[in-house]
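This is what each chain is made of:
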Amino acid sequence: QVQLVESGGGLVQAGGSLRLSCLASGITFSTYAMRWYRQAPGKQRELVASITSGGTTNYQDSVKGRFTISRDNAKNTVYLQMNSLKPEDTAVYYCYVLRFVPYWGQGTQVTVSS
C-alpha cells in the first residue's frame, strides 16, 4: 500500500524559510518521479515542483529561485526547501506520486505572515 506522509509545515514570517519532507512507503521510491502541490483557500490545487527519478527538477514560475526540491533515495524521502517565503505561499502542501493511480499525502499547512 502506497503511503505518503508530509511534515515540516508551520507558521513563519515573510522572508523566512521552511523545509518540508515527504516520507514514501509501498513503492520502490528511487524509480518514481515525485511532486509537491499546494492548495490555498478558495483556489485550485497547483503544481509547485517536481523531481524525476534521475533528479531532474522543474518548478512553477512563482517559486523559481526560492524553492528547491530534492530527494534522498536511501531515506525514501522527498524534500521541498522553501526560502524567501511570501504571504502568497500560504497553502496546504501535498506530496504526490503516480503509481498506476495518483497518491496524495495528507498535506501539511504552511502559513506565511506579513
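Student: It is not clear to me how the packing of aromatic side chains should be interpreted in this structure. Could you clarify?
Tutor: Tallied over the full model, the rule gives 4 aromatic pairs. Where Y94 meets W104, the ring centres are 6.3 Å apart and the plane angle is 90°; that geometry is what we call edge-to-face. One end of the pair, Y94, is in strand β9 (residues 91-99); the other, W104, is in strand β10 (residues 101-104), with 10 residues separating them in the sequence. For Y94, a relative accessible area of 13% puts it in the buried group. Residue class for W104 comes out partly exposed when judged on its relative accessible area of 36%. Among the aromatic residues, those joined into a cluster by ring pairs are Y37, Y94, Y96 and W104. The side chain of R45 reaches across the aromatic face of Y94, ending 3.7 Å from its centre. Sitting over the face of the ring of W104, R45 holds its NZ or CZ atom 4.5 Å from the ring centroid.

Student: Quick question: what am I supposed to make of the state of the cysteines here?
Tutor: One covalent bond between the sulfur atoms of two cysteine residues makes up a disulfide. All told, the structure shown has 1 disulfide when counted by the stated rule. Between the sulfur atoms of C22 and its disulfide partner C95 the distance amounts to 2.1 Å. On the S-S bond that ties C22 to C95, the torsion sits near -85°, and the link is left-handed. Note that C22 is positioned in strand β3 (residues 18-25) and C95 in strand β9, a separation of 73 residues in sequence. Both residues of the pair, C22 and C95, count as buried.

Calculation criteria
- Residues numbered from 1 in each chain as written.
- Predicted model: local features only at pLDDT ≥ 70, side-chain atom pairs only at ≥ 80, totals over all residues.
- Heavy atoms only, no water.
- Phe/Tyr/Trp six-rings, centres within 6.5 Å; stacked < 30°, edge-to-face > 60°.
- Helix = DSSP H or I, 4+ residues; strand = E, 2+ residues; numbered from the N terminus.
- Buried < 20%, exposed > 50% of the residue type's maximum accessible area, 1.4 Å probe, protein only.
- Lys NZ or Arg CZ within 6 Å of the ring centre and 35° of its normal.
- Disulfide = S-S within 2.5 Å.

Any functional reading would require information that these geometric values do not contain.
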